[in-house]
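Here is how the chains run, residue by residue.
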Amino acid sequence: MRLSIRTAAGAAALGLLALAAAPASAAPRAGLDGAATARASACYVYNVSGGAVNIRSGPGQRYTQIGTLAKGAKLPCGTDGDSGTKGQRYTSCGGGDYWSTIRVNGRDGWVASECVAFGV
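First, a word on scope: everything that follows refers to the structure included in this document. (Residues numbered from 1 in each chain as written. Predicted model: local features only at pLDDT ≥ 70, side-chain atom pairs only at ≥ 80, totals over all residues. Heavy atoms only, no water.)

**Focus on the sheet that holds strand β4 (residues 74-76)**
Sheet architecture is open: three strands sit in the order β4-β1-β8, paired in antiparallel fashion. Either end of the sheet is taken by a strand with one partner, and the two such strands are β4 and β8 (116-119). Going from strand to strand, the sheet's axes swing by 30 degrees on average, the running direction of each strand aside. Pairing of strand β1 (residues 44-47) with β4 involves three bridges; the strand directions are antiparallel. When the bridges of β4 are listed, Tyr46 appears paired with Lys74. (Pairing = 2+ DSSP bridges. Helix = DSSP H or I, 4+ residues; strand = E, 2+ residues; numbered from the N terminus. Axes fitted to C-alpha atoms, helices over the stretch in contact; angles between N-to-C directions.)

**Overview of the state of the cysteines**
Working definition of a disulfide: a covalent bond connecting the sulfur atoms of two cysteines. Taken as a whole and judged by the stated rule, the model has two disulfides. Between Cys43 and Cys77 runs a disulfide, and the two sulfur atoms are separated by 1.8 Å. Judged by the sign of its S-S torsion, about -45 degrees, the cystine formed by Cys43 and Cys77 is left-handed. Taken together, the positions of Cys43 in the loop between α2 (34-41) and β1 and Cys77 in the loop between β4 and β5 (85-90) put the pair 34 residues apart, joining distant regions of the chain. Each member of the pair, Cys43 together with Cys77, is buried. For Cys93, the disulfide goes to Cys115, at an S-S distance of 2.0 Å. Around the S-S axis, the bridge from Cys93 to Cys115 shows a dihedral of about 110 degrees and counts as right-handed. Note that Cys93 is positioned in the loop between β5 and β6 (96-104) and Cys115 in the loop between β7 (107-112) and β8, a separation of 22 residues in sequence. Given the relative accessible area of 34%, Cys93 is considered partly exposed. For Cys115, a relative accessible area of 3% translates into the label buried. Taking only the cysteines that form disulfides and numbering them from first to last, the chain has the pattern 1-2, 3-4. (Disulfide = S-S within 2.5 Å. Buried < 20%, exposed > 50% of the residue type's maximum accessible area, 1.4 Å probe, protein only.)

**Considering the packing of aromatic side chains**
Applying the stated rule across the entire model yields one aromatic pair. Here Tyr90 and Trp99 contribute two aromatic rings whose centre-to-centre distance is 5.1 Å and whose plane-to-plane angle is 75 degrees, an arrangement assigned as edge-to-face. You can call Tyr90 buried: its relative accessible area is 2%. (Phe/Tyr/Trp six-rings, centres within 6.5 Å; stacked < 30°, edge-to-face > 60°.)

**Topic: the pattern of salt bridges**
Applying the stated criterion across every chain yields a total of two salt bridges. The partner of Arg103 in a salt bridge is Asp108, with the nearest N and O atoms 2.9 Å apart. (Salt bridge = Lys/Arg side-chain N within 4 Å of Asp/Glu carboxyl O.)

**Focus on the nonpolar core**
One finds Val45, Ile55, Leu69, Leu75, Ile102 and Val111 to be the most contacted residues of the largest nonpolar core, which totals 19 residues. Setting aside chain neighbours within four positions, we find Val111 in contact with Val45, Val53, Asn54, Ile55, Tyr98, Trp99, Ser100, Ile102 and Val116. (Core = buried A, V, L, I, M, F, W, Y, C linked by side-chain atoms within 4.5 Å. Contact = heavy atoms within 4.5 Å.)

**So, the side chain of Thr79**
For Thr79, the position within the fold is in the loop between β4 and β5. Thr79 gets classed as buried once you look at its relative accessible area, which sits at 10%. A distance of 2.5 Å separates the side chain of Thr79 from the side chain of Asp108, its partner in a polar contact. (Polar contact = N/O pair within 3.5 Å; in protein donor to acceptor, adjacent residues only side chain to side chain.)

Right, here's the structure in full:
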């Protein structure tokens, strides 16, 4: 799927409005080296699903929802970059059990990997 920068940027702004109320109490993951930080900052997560994607505090639906990523929006990758983490099974976007990290208000959040694509 090809996204125009203008469309993705506008959608990201709308998606971020929902994230503004997310609590910032959780600390970012400790122990990151410079290479991991550089990989994450050069990466973006794009919502390629048919609607908004929930952002959770951990890799599963049992974790608290901390925000949403609007359809077509993008946010920076989290500390895991474009790697997936096996977690709780989900049924959205065709289903799966891999979750990807995304940066939200200075901390990592988790999105269902089948609902997103990675890019620069």
